[in-house]
Amino acid sequence: QVQLVESGGGLVQPGGSLRLSCAASGSFLSINGMGWYRQLPGKERELVAKIRSDGSTVYADSVKGRFTISRDNARNTVDLQMNSLKPEDTAVYYCHTEARIYAWTVIQYTYWGQGTQVTVSS
């Protein structure tokens, strides 16, 4: 299986920047989609950004132009550069990946990191 470890969260003032990183480790054949989700208190987890192996990306409308997702396929890492942060960006951010685990099936499995807190406040 895959273990995901996030880092880079913290407290930042409105308009500031943070860079989140996620490293995948464990036993797997390949990692395909990687991304970031976030969950505000009392709300359902929502997509922030995702990136596939070919480099194609998808962003939530609320973060377009402010956040940039990138990945290093050789190191099995994915980063999220967050600029112009707003108080409404405050949430727990979760790394997410889809990976092929077994040689006998092409089925991909979904894994989640434990989350990292991002707080945007004056």
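You'll find the structure just up there.
Residues numbered from 1 in each chain as written. Predicted model: local features only at pLDDT ≥ 70, side-chain atom pairs only at ≥ 80, totals over all residues. Heavy atoms only, no water.

### Topic: the state of the cysteines
What counts is decided by this rule: Defined by distance alone, a disulfide is two cysteine sulfur atoms within 2.5 Å. Labels follow the DSSP assignment, with helices taken as runs of H or I lasting at least four residues and strands as runs of E lasting at least two, numbered in each case from the N terminus.
Inspection of the entire model under this criterion finds one disulfide. Each sulfur of the disulfide joining Cys22 and Cys95 lies 2.1 Å from the other. Taking the sign of the S-S torsion, about -90° here, the bridge from Cys22 to Cys95 comes out left-handed. On the criterion of sequence distance, the pair formed by Cys22 in strand β3 (residues 18-26) and Cys95 in strand β9 (residues 91-100) is long-range, its members being 73 residues apart.

### Digging into the side chain of Thr77
The following threshold applies: In this scheme, a residue with accessible area under 20% of its type's maximum is buried, one over 50% is exposed, and one in between is partly exposed, where area comes from a 1.4 Å probe on protein chains only. When checking whether two residues touch, look at their non-hydrogen atoms; a contact exists if any pair is within 4.5 Å.
Structurally, the position occupied by Thr77 is in strand β8 (residues 77-82). Taking relative accessible area as the criterion, Thr77 reaches 14% and is therefore assigned buried. Among all residues touching Thr77, those that are not within four sequence positions of it are Cys22, Ala23, Met34, Ser70, Arg71 and Asp72.

Just geometry here; none of it tells us what the structure is for.
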